[in-house]
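Descriptive structure summary
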Amino acid sequence: MHRFRRNTRWLAGALVLAGGLTSLPVLAGDSSTAPANISGKLLLTGGVSQIEGAAGGGLTPWAVIGGYGTQDQIGANAFYTRVNVQDYHLDDVGALVGIDNRVEFSVAQQRFNTEDVGAALGLGRGFTFRQNVVGVKVRLLGDAVLEQDSWVPQVSIGAQYKKNNQGAILHAIGAKSDHGIDYYVSATKLYLSQSVLVNATLRFTKANQIGILGFGGDRHDAYHAELEGSLAYLLSRNWAIGAEYRQKPDNLGIAHENDWYDAFLAWAPTKNVSVTLAYAHLGNVVIKDNQRGMYASVQVGF
């Protein structure tokens, strides 16, 4: 309960920052003039690519389906993300396909480089954990853009299967498994007249540092319900700012885990390209506290 109150206060404060690590799907063009064989969604309505590959924010998925395909169309995106903090860096690549604005399939590969920390732990400088992620998302109800006269948000459910390549090391530090599945439900509501988007995601997970340090641990080995949230504001047709928050479980005795948050600036010069820059605060990661730094992501698609 204390954690929930803390998250509620943070989300209210995030209104000052105005957003989430993501491109805001708001009215930025007239899709009614698009030819039938051209993607019909409005500019930025597919969001950006979340760190595990789903459409939404950088840290958390949204209920939107990725790509610019509408009913009876297919949309797709590919992305590259780099996160640099004081003692580590992460390279992340992936792609997704959205079908009929109803179902989304995504893949991603994360490479977490331990830099000098790897040497201090006896693993070798630049030791890398690699994780593959396969995701699926299904829109259940609502339409974040078209249903402006309804209070009902767009709602989707999803799952992300994750497999880490360093099982022996993960077991040595207390993780129970090198693979796991996250389940989530997301609700996204867009207020066109205010150019504001609100998203809330509830994730059920055992992942340590989103799976980079395995799943479950010596302290806890059960699914946790974790809250994630985004708020975003469109500055102009092509620019958005915002902030985002992600709760995380704390399963490992050897590596205390903090929640993540960020503030971002996103630019979409066309429907085919978007660029996101952000300042991210990740807290403690493995044996290093106060990990914070820059996040950059480029997405191309249709």
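Residues numbered from 1 in each chain as written. Predicted model: local features only at pLDDT ≥ 70, side-chain atom pairs only at ≥ 80, totals over all residues. Heavy atoms only, no water.

1. A closer look at the confidence of the model for the chain
Detailed reading of predicted coordinates is not advised where the pLDDT is low. With 85% of its residues at a pLDDT of 70 or more, the chain shows a mean pLDDT of 86. Note on residues 1–39: pLDDT is under 50 here. Beyond four places in sequence and across chains, it has 115 contacts. (pLDDT = per-residue confidence, 0-100. Contact = heavy atoms within 4.5 Å.)

2. Focus on the packing of aromatic side chains
Using the criterion set out here, one finds 4 aromatic pairs in the structure. Measuring from ring centre to ring centre gives 5.3 Å for Phe-127 and Phe-129, while their planes differ by 80 degrees; the resulting arrangement is edge-to-face. For Phe-129, a relative accessible area of 6% puts it in the buried group. Their ring planes at 50 degrees and their centres at 6.0 Å tell us that Tyr-183 and Tyr-223 sit as a pair that is tilted. With Tyr-183 in strand β8 (residues 179–191) and Tyr-223 in the loop between β9 (196–205) and β10 (224–234), this pair connects stretches of sequence that are 40 residues apart. Against the face of Tyr-191 rests Lys-189, its NZ or CZ located 6.0 Å from the ring centre. (Phe/Tyr/Trp six-rings, centres within 6.5 Å; stacked < 30°, edge-to-face > 60°. Buried < 20%, exposed > 50% of the residue type's maximum accessible area, 1.4 Å probe, protein only. Helix = DSSP H or I, 4+ residues; strand = E, 2+ residues; numbered from the N terminus. Lys NZ or Arg CZ within 6 Å of the ring centre and 35° of its normal.)

3. Section: the pairing of strand β5 (residues 103–113)
Looking at chain direction, strand β4 (residues 89–99) and β5 are connected through 11 bridges and run antiparallel. In the strand pairing of β5, Leu-96 is matched with Ser-106. The loop that links β4 with its antiparallel partner β5 comprises 3 residues; one of these, Asp-100, has a positive phi angle of about 60 degrees. Looking at chain direction, β5 and strand β6 (residues 128–141) are connected through 11 bridges and run antiparallel. Its bridge partner being in β6, Gln-110 is matched across the sheet by Gln-131. (Pairing = 2+ DSSP bridges.)

4. Here's the deal with unusual backbone geometry
A positive phi angle, close to 65 degrees, is found at Asp-72, a residue other than glycine. Tracing the backbone through its elements, the reader meets Asp-72 in the loop between β2 (55–56) and β3 (74–85). The exposed category is assigned to Asp-72, whose relative accessible area is 69%. Its identity as a non-glycine residue notwithstanding, Glu-115 has a phi of 50 degrees, on the positive side.

5. Side note on the environment of Gly-53
Note on placement: Gly-53 falls in the loop between β1 (48–49) and β2. Each C-alpha atom of the pair Gly-53 and Gly-94 lies 6.0 Å from the other, and the pair is 41 residues apart in sequence. Aside from chain neighbours lying at most four places away, what touches Gly-53 is Phe-79, Leu-96, Ser-106 and Ala-108.

6. Some details on the nonpolar core
Most often, soluble globular proteins keep nonpolar side chains buried together rather than apart. Counting residues in hydrophobic clusters, the biggest one holds 28 residues, and the most contacted among them are Tyr-88, Leu-90, Phe-112, Phe-129, Ile-212, Leu-282 and Val-285. Counting residues per element, the ones that place at least two in this core are β3, β12 (260–270) and β13 (273–285). Ranked by residue count, the leading element in this core is β13, at 4 residues. In this structure Phe-112 touches Tyr-88, His-89, Leu-90, Phe-127, Thr-128, Phe-129, Ile-212 and Val-285, once residues within four positions along its chain are discounted. Grouped together as the second largest cluster of nonpolar side chains are 9 residues, Val-64, Leu-190, Leu-197 and Ala-232 included. (Core = buried A, V, L, I, M, F, W, Y, C linked by side-chain atoms within 4.5 Å.)

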